[in-house]
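Chains, contacts and geometry: an overview
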Amino acid sequence: MTTANTHTFDAAPAIEARGLTKSYGGRTAVADLSFAVHAGRVTGFLGPNGAGKSTTMRLLLGLERPEAGEALIEGRPYAALIAPMTRVGALLDAKAFHKGRSARGHLLALARSQALPDARVDAVLDLVGLSSVARKRAGGFSLGMAQRLGIAAALLGDPRIVLLDEPVNGLDPQGILWIRTLMKQLAAEGRAVLVSSHLMNEMAVTADHLLVIGQGRLLADCPTAEFIERHTDPAVYAATPQVARPALLEEAFMRLTAGAAEYSAH
Ligand SMILES: Nc1ncnc2c1ncn2[C@@H]1O[C@H](COP(=O)(O)OP(=O)(O)OP(=O)(O)O)[C@@H](O)[C@H]1O
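Reading the values: rules and limits
- Residues numbered from 1 in each chain as written.
- Predicted model: local features only at pLDDT ≥ 70, side-chain atom pairs only at ≥ 80, totals over all residues.
- Heavy atoms only, no water.
- Axes fitted to C-alpha atoms, helices over the stretch in contact; angles between N-to-C directions.
- Helix = DSSP H or I, 4+ residues; strand = E, 2+ residues; numbered from the N terminus.
- Parallel < 35°, antiparallel > 145°, perpendicular 65-115°, else oblique.
- Left-handed = near helix turned anticlockwise from the far one by under 90°.
- Contact = heavy atoms within 4.5 Å.
- Nonpolar A, V, L, I, M, F, W, Y, C, P; charged D, E, K, R; others polar.
- Buried < 20%, exposed > 50% of the residue type's maximum accessible area, 1.4 Å probe, protein only.
- Pairing = 2+ DSSP bridges.
- UniProt positions renumbered as here; feature names shortened; annotations may be inferred.
- Phe/Tyr/Trp six-rings, centres within 6.5 Å; stacked < 30°, edge-to-face > 60°.
- Lys NZ or Arg CZ within 6 Å of the ring centre and 35° of its normal.
- Salt bridge = Lys/Arg side-chain N within 4 Å of Asp/Glu carboxyl O.

Quick word on the packing of helix α3 (residues 103–113) against helix α4 (residues 119–127)
α4 packs onto α3 with a crossing angle of 135° between their chain directions and a minimal axis gap of 9 Å. As summarised for this structure, α3 and α4 are arranged oblique, according to the angle between their axes. Classified by chirality, the crossing of α4 by α3 is right-handed. Residues Ala103, Arg104, Leu107, Leu108 and Ala111 of α3 pack against Val121, Asp122, Val124 and Leu125 of α4. When the residues that make up the contact of α3 with α4 are grouped by side-chain class, the tally is seven nonpolar, no polar and two charged.

Shown next, in the form of structure tokens:
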């Protein structure tokens, strides 16, 4: 059944932040942040340590309340979503599971709490390559396995929007390649993927679009190729063959965020 409302929400961006503001103990973590994240592409969320990326993700997921502004998922605040895991899936903290449970037990408990079919558990275990260890205690998992389990949990509800906070942290090259391929596949299926990372080379080849923040403020919101062109030394950019330009992202990022690092040595 379609309603006028459904149509309105489908037209909304997958994710929208409008004037989001949050501080802790008088210190601003996110300041008047506005952006939209669209379906069908991987959006990289970049910023130096302490820039406010995780805080923004928690605000989007309704885990924190903003002092001002609003965070919308397909046009609604997270708290107003019906069956939220079927709308948005997130990996925030890979180790956020009951250590004594098996991987399958953890996912089954999650699925049942959201009235999702048990069959989804086996589907996502297979998708992330954990089927063979599904009955093993998740507490004994390596960081790479825990990341995969966290991604399985994020995808459990087959959501149209996926938020991943540093999903490649601690992964070996094979794992990093796997996540890159998965994120591109999710976007190609028409989903919105918002991913934070400090690995510039990885973001350069994965993200179609970048949101860059520093000290809680939006510094850039544009396609990755445009970001590199705009923020690289023009002479270096011109001298670099097109195929090698993704490697310039790190330099572009450093130039843009030079004044926005939370800590720096002098
Ligand atoms: N629960 C909290 N209590 C107090 N301060 C917090 C809390 N969460 C975040 N902050 C502060 O808010 C700012 C933004 O932190 P946040 O973790 O969102 O940044 P980040 O961009 O995700 O950083 P990183 O790249 O290091 O993970 C930092 O100054 C951090 O110390």
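A closer look at the pairing of strand β8 (residues 209–214)
A large share of β8 lies buried, amounting to six of its six residues. Neither face of β8 is left uncovered, since the one carrying His209, Leu211 and Ile213 and the one carrying Leu210, Val212 and Gly214 both have all their residues buried. Two strands pair when backbone bridges link them, and strand β3 (residues 41–46) and β8 are joined in this way by four bridges, in the parallel orientation. Residue pairing in the sheet places Thr43 in a bridge with His209 of β8. The pairing of β8 with strand β9 (residues 217–223) spans six bridges and is classified as antiparallel. By the bridge assignment for β9, Leu210 is matched with Cys222. Joining the antiparallel neighbours β8 and β9 is a turn of two residues, in which Gln215 adopts a positive phi near 50°.

Notes on the side chain of Glu202
Looking at where Glu202 falls in the secondary structure, it is placed in helix α7 (residues 200–206). Accessibility expressed as a relative area gives 10% for Glu202, which makes it buried. In this structure, Glu202 is in contact with Ile176 and Arg180, ignoring residues within four places of it in sequence.

Focus on the sheet that holds strand β2 (residues 27–37)
Strand order in the open sheet made by the three strands is β2-β1-β4, with antiparallel pairing throughout. Either end of the sheet is taken by a strand with one partner, and the two such strands are β2 and β4 (68–73). Looking at each pair of strands side by side, their axes are set apart by 25° on average, direction ignored. By the bridge criterion, seven bridges tie strand β1 (residues 15–24) to β2 in an arrangement that is antiparallel. The partner of Tyr24 across the bridge, within β2, is Arg27. Its contacts with the sheet place helix α2 (residues 53–60) against β1, β2 and β4, and it is angled at close to 120° to β1.

Side note on the UniProt feature "domain: ABC transporter" (unreviewed entry) in the protein
UniProt tags residues 15–240 as "domain: ABC transporter" (unreviewed entry). Split by type, residues 15–240 is 35% helix and 27% strand. Its first and last C-alpha atoms lie 35 Å apart.

A look at unusual backbone geometry
In the Ramachandran plot, Ala83 falls in the positive-phi region, its phi being about 50° despite a non-glycine side chain. In this fold, Ala83 is placed in the loop between β4 and β5 (88–91). Assessed through its relative accessible area of 36%, Ala83 is described here as partly exposed. Phi at Asp158 is positive, roughly 50°, even though this residue is not glycine. Among the secondary structure elements, Asp158 is positioned in the loop between α5 (143–155) and β6 (161–165).

Quick notes on the packing of aromatic side chains
In the structure shown here, the tally under the stated rule is one aromatic pair. Ring centres of Phe35 and Phe45 lie 6.0 Å apart, and the angle between their planes is 50°; on these two criteria the pair is classed as tilted. Taken together, the residues span a long stretch of sequence, with Phe35 in strand β2 and Phe45 in strand β3 at a distance of 10 residues. A single burial state applies to Phe35 and to Phe45, both of which are buried. Just above the ring of Trp178 sits the side chain of Arg148; from NZ or CZ to the centre is 4.3 Å.

Description of the pattern of salt bridges
A full pass over the atoms with the stated rule returns 12 salt bridges. One salt bridge connects Arg18 with Glu16, and the closest N-O pair in it is separated by 3.3 Å. Of the residues examined, Glu16 reaches a relative accessible area of 18% and is grouped as buried. Taken together, the salt bridges that share partners define one network made up of Glu16, Arg18 and Glu70.

Side note on the sheet that holds β6
A sheet is described by the order of its strands in space; here six strands give the open sequence β5-β6-β7-β3-β8-β9, paired in mixed fashion. The strands lining the two open edges of the sheet, one partner per strand, are β5 and β9. This sheet shows a mean twist of 15° between the axes of neighbouring strands, independent of strand direction. Helix-sheet contacts for helix α10 (residues 249–257) involve β3, β8 and β9, and the interaxial angle to β8 is about 35°.

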